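Observations on chain architecture
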Amino acid sequence: MSAPRLVVDLVKVEANTRQLVEQLRPRGISVTGVTKAALGSPEIGAAMLRGGAIGLADSRIENLTRLAAGAPASASRTLIRSPMISQVDQVVRHATTSLNTGLRVLDALDEAARRQRRTHQVVLMVELGDLREGIAPEDVIDLALTTRTRRRLRLAGLGTNLACQNGVVPDDRNMGELSRLVEEVEAATGESLAVVSGGNSANLPWALSTSAVGRINDLRIGEAILLGTEPLHRTVLPGLHDDAFRLVAEVIEAGVKPSQPWGALAQTAYGELAPLRAGGGSGTTRQAILALGRQDVLLEGLVPPPGITILGMSSDHLVVDCGDHRLAVGDELTFGVGYGALVQAMTSPFVAVVLTEPAAARGRAATPGTYLPS
Ligand SMILES: *Cc1c(COP(=O)(O)O)cnc(C)c1O
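As recorded in an unreviewed UniProt entry, the protein chain goes by the name Alanine/ornithine racemase family PLP-dependent enzyme, listed as coming from Nocardioides jejuensis. Per UniProt, the comment on the protein chain under Cofactor (unreviewed entry) is "pyridoxal 5'-phosphate".

Structure, rendered in structure tokens:
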């Protein structure tokens, strides 16, 4: 099989979705599955829907277009980055809903929807402190009222996004403010809002522990479904699988080398100064090179199997200390991936994506020379 390859366990993606859906349901919160870290894979989107997500969302219209192929018409497809004016026609065609922050884009969407004789759902995003997208709370009512005057737009609700640009933690205070704004908008318009989209995976610790979810009735969840982690501290959430995605790479050189480099030392390929190799002393190291580089995956968030230590990575080579393992050329190693590593691997043209279905997932065993991360 080709390497490097990202092996995706669709059963675990589905199980993670179901676990979150069931935990959030008693709190009146639905899950919209976010596929952007999975390049809008229709199969991964379908696994999220099987697990109970009410719709799918992605930051790229190209991905939503791909998703549309596998998703039933009843599932919402939401563009979660403010639409580019240059793409409004595609947005109206391929997304049922988009998250928005300004009148110019809303007017362009309204025009595009008129041309296509469609209607388009709008969620207005409110700035609650993380300083990425969002309109100021004091401008929300005006923009909501204006949105309602656009014939081809439907005001679906309000949303916010925290914990991305500045790591602002979702809590009772900022979520309470979103609920309060929802009620103000409803009072001003005389109609109730269908969608109150409280945020992303970083909202889960709050949503699963608070006694006051208020009006929040939906979360846009990517990372927790795909990797089992919440993004505030990157801990694995209870009951979730953290190994739905694993990256397999192939050994292209293996042998014993001196532990320390020699010669005068300056910058490495990526501009760092190499740290002295830990524990190496003046002895030797069992070292292997894998055909895996920064063109394939982000070094940060790459988790080696137990007993293997990453020594460095350039564009095309990953150098590891094999410890007590005896690796040979042609062997494969399996790595865990964090969020950045997943995004990079999914978008690299050099990394094959292998989707495993239920039976295959159960029958898959470690082959000789393959070390699985714990
Ligand atoms: C990426 C993103 C999400 C999903 O974030 P996760 O941490 O992967 O759950 C939700 N909303 C917006 C606006 C996003 O950009």
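Next up on the list: the pairing of strand β11 (residues 284-290). Among the 7 residues that make up β11, 5 are buried, leaving the element largely enclosed by the rest of the structure. Pairing of strand β10 (residues 245-258) with β11 involves 7 bridges; the strand directions are antiparallel. In the strand pairing of β11, E253 is matched with I289. Bridge count for β11 against strand β14 (residues 318-321) is 4 bridges, and the pairing is antiparallel. Counted as the bridge partner of L290 is L318 from β14.

Applying the stated criterion to the full structure yields 0 aromatic pairs. The ring of Y270 has R294 sitting right over it, with the charged end atom 4.4 Å from the ring centre.

Glancing now at the site of the ligand. Around the ligand, a shell composed of 14 residues is seen, among which K36, S201, R220, G222 and E223 lie nearest. At a separation of 2.8 Å, an oxygen atom of the ligand approaches a polar backbone atom of E223. Its free accessible area being 390 Å², the ligand has 94% of it covered by the protein chains. Its residues assigned to classes, the shell around the ligand shows 5 nonpolar, 4 polar and 5 charged.

Here the focus is the environment of D316. Note that D316 resides in the loop between β13 (309-313) and β14. Spatially, the C-alpha atoms of D316 and S211 are 50 Å apart, while their sequence positions differ by 105 residues. The contact partners of D316, leaving out residues within four places of it in the chain, are L290, A291, L292, G293, R294 and Q295. Reaching out from D316, the side chain makes a polar contact with the side chain of Q295 at a distance of 2.8 Å.

Okay, the environment of E183 next. Structurally, the position occupied by E183 is in helix α7 (residues 172-189). For the pair E183 and S30, spaced 153 residues apart in sequence, the C-alpha to C-alpha distance is 19 Å.

In this structure, L158, F245 and L247 are the most contacted members of the largest nonpolar core, which totals 91 residues. Both of domain 1 (10-231) and domain 2 (245-259 + 283-356) provide at least three residues apiece to this core. Not counting residues up to four positions away in its chain, the partners in contact with L158 are V123, L124, V126, V140, L178, L181, V182, V185, L193, V195, V196 and S197. Formed by 7 residues, the second largest nonpolar core is a distinct cluster that contains I80, L99, V123 and M125.

The next subject is the domain arrangement of the protein chain. On domain assignment, one finds that the protein chain holds domain 1 (10-231) and domain 2 (245-259 + 283-356). Applying the counting criterion to the domain 1 and domain 2 interface returns 0 salt bridges. Where domain 1 meets domain 2, there are 1 residue pair in polar contact (both at pLDDT 80 or more). Mapped onto the side of domain 1 that touches domain 2, the elements with two or more residues apiece are α1 (10-24), α2 (42-50) and α9 (223-227). At 3 residues, the largest contribution of residues to the side of domain 1 that touches domain 2 is made by α9. Residue composition of the side of domain 1 that touches domain 2, grouped by class: 8 nonpolar, no polar and 3 charged.

Calculation notes
Residues numbered from 1 in each chain as written. Predicted model: local features only at pLDDT ≥ 70, side-chain atom pairs only at ≥ 80, totals over all residues. Heavy atoms only, no water. UniProt positions renumbered as here; feature names shortened; annotations may be inferred. Buried < 20%, exposed > 50% of the residue type's maximum accessible area, 1.4 Å probe, protein only. Helix = DSSP H or I, 4+ residues; strand = E, 2+ residues; numbered from the N terminus. Pairing = 2+ DSSP bridges. Phe/Tyr/Trp six-rings, centres within 6.5 Å; stacked < 30°, edge-to-face > 60°. Lys NZ or Arg CZ within 6 Å of the ring centre and 35° of its normal. Near = heavy atom within 4 Å. Polar contact = N/O pair within 3.5 Å; in protein donor to acceptor, adjacent residues only side chain to side chain. Areas by Shrake-Rupley, 256 points an atom, 1.4 Å probe, with all protein chains shown as cover. Nonpolar A, V, L, I, M, F, W, Y, C, P; charged D, E, K, R; others polar. Contact = heavy atoms within 4.5 Å. Core = buried A, V, L, I, M, F, W, Y, C linked by side-chain atoms within 4.5 Å. Domains from an automatic or database assignment. Salt bridge = Lys/Arg side-chain N within 4 Å of Asp/Glu carboxyl O.

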